[in-house]
Structure formats: C-alpha cells, structure tokens
Amino acid sequence: MEERPYRSASGAPIALRCRQHSASCRELVVRCPRLQLRSLSAVTSAVWLAAYALFVFSENSMVLSAAIFITLIGLIIYLHFVKIDQESLLVIGSLGIQVTSSYASGKESTTFIEMGQVKDVVINEAIHMQKVVYYLCILLQDPGDPQGVSEVVPLFQSSKPRLDCLIEVYKSCQEILEQRKTALQSS
C-alpha cells in the first residue's frame, strides 16, 4: 500500500493511496484535506460577531440565539452533506466497480456498477471558467446499442485531482479492464 501526494485542480493537497488486493482487484483512495479548525473558528467568529453587532443595535437577545442555532445547524449540514474526506474506487475485474464517498461526519455514500455495464474508463476534459479541467469517468454501455454509451459517471467529483493523479488511477483501471477483456476473449 503506497500513498503519494498530489494536488487538486484548485491547488489543495490531496493524497492517492493504491492498494492491490489481488491481480484483478484494486482499491484507489483519494484523500482530501481534513476540516481545518482555524477556518471553522473564523467563520463561526464572523457570524457571532455580526450577530452581536445586530444585538447591540436592536437590543434583542433572539438575534444571538438565532446566530448560535444557525451556526450549529449549518455546521451539521456541512459536515453531513458537503465536506467529503475521501473518495474511493474499488475495481474488481469479475464483479464491477464500487465508488464510495466518505463524509466528514462519518456518513458514506456507495454506488456499485456491474462490470457488464462498464464500456470503458476514460479521462475526459471540460472547459470551466477559461481553463481546462480533467476528470475521470466511467462510460456505461447502452443495452440497446453495443457501440453506444448510455451514461457517463464522473468520479472524484469532490477532490477533483489534477491530470497526473488521474493518469495513475486511469492506468490502474485499464490494467484490470484489459485483464477482463483478455479473459473473456480466451473463454
């Protein structure tokens, strides 16, 4: 198991951990930076100072109570639905691909794609705000048209790794997909 440092599209440090369970099974995990106590304290302080300023002018204690309540509810929503600590991709040649997102609150969201539905794993590019952004995606085979693509499933949407990291994940996925193709052709 090796962990290599990379950067996200925004320049934030991320880490890629590759774990090979067997010849046809690999787990690739992209870890994002943890929630910084400094930024959390700054936002909380700013909200509470603004509430205190409103309290001084309005002399209504409900302003302070509402600020505390809104801050706590906002923090819970942020940790449970927005802040993703890590995203993992488990590629099993004989079964499929499992995509898991782990949130800061401990909640996990998992999606499984059967290998029979997977047409390919590709690196795609998009233009966003005058710059080119690369992302890894799974192309799902169209059941009606074997040459067609029914859906594109983007991966690592939260961590947004740069191209060098995506190439590592891409190569690892392609090795397993090629093994599966040769196994299907030989049988």
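Residues numbered from 1 in each chain as written. Predicted model: local features only at pLDDT ≥ 70, side-chain atom pairs only at ≥ 80, totals over all residues. Heavy atoms only, no water.

Engineer: Help me understand the overall build of the protein chain, please; the structure alone is not making it clear to me.
Structural biologist: Scanning the protein chain from terminus to terminus reveals 3 helices and 9 strands. Helices and strands in the protein chain line up, N terminus first, as β-β-β-α-α-β-β-β-β-β-β-α. Over its C-alpha atoms the protein chain spans a radius of gyration of 22 Å, topping by over 25% the 16 Å that the globule rule assigns to 187 residues. In terms of its C-alpha atoms, the protein chain occupies a principal-axis envelope of roughly 80 × 40 × 35 Å. For the protein chain, with 187 residues in total, the buried portion stands at 32%. Long-range pairs, those at least 24 residues apart, make up 43% of the contacts in the protein chain between residues at least 6 apart in sequence. (Helix = DSSP H or I, 4+ residues; strand = E, 2+ residues; numbered from the N terminus. Rg over C-alpha atoms; globule rule 2.2 N^0.38 Å. Buried < 20%, exposed > 50% of the residue type's maximum accessible area, 1.4 Å probe, protein only. Contact = heavy atoms within 4.5 Å.)

Engineer: I tried to follow the sheet that holds strand S8 (residues 131-141) on my own but got confused; where do I start?
Structural biologist: Pairing between the strands of a sheet is mediated by backbone hydrogen bonds and can be parallel or antiparallel. Strands sit in the order S7-S8-S9 across an open sheet of 3 strands; the sheet is antiparallel. Where the open sheet ends on each side, the last strands, each with one partner, are strand S7 (118-128) and strand S9 (149-154). Averaged over all adjacent pairs, the angle separating strand axes in this sheet is 35°, with direction ignored. In terms of strand pairing, S8 meets S9 through 5 bridges, oriented antiparallel. Bridge pairing in S9 places Leu139 opposite Val152. The strands that helix H3 (residues 163-186) touches are S7 and S8; relative to S7, the one it contacts most, it runs at about 165°. (Pairing = 2+ DSSP bridges. Axes fitted to C-alpha atoms, helices over the stretch in contact; angles between N-to-C directions.)

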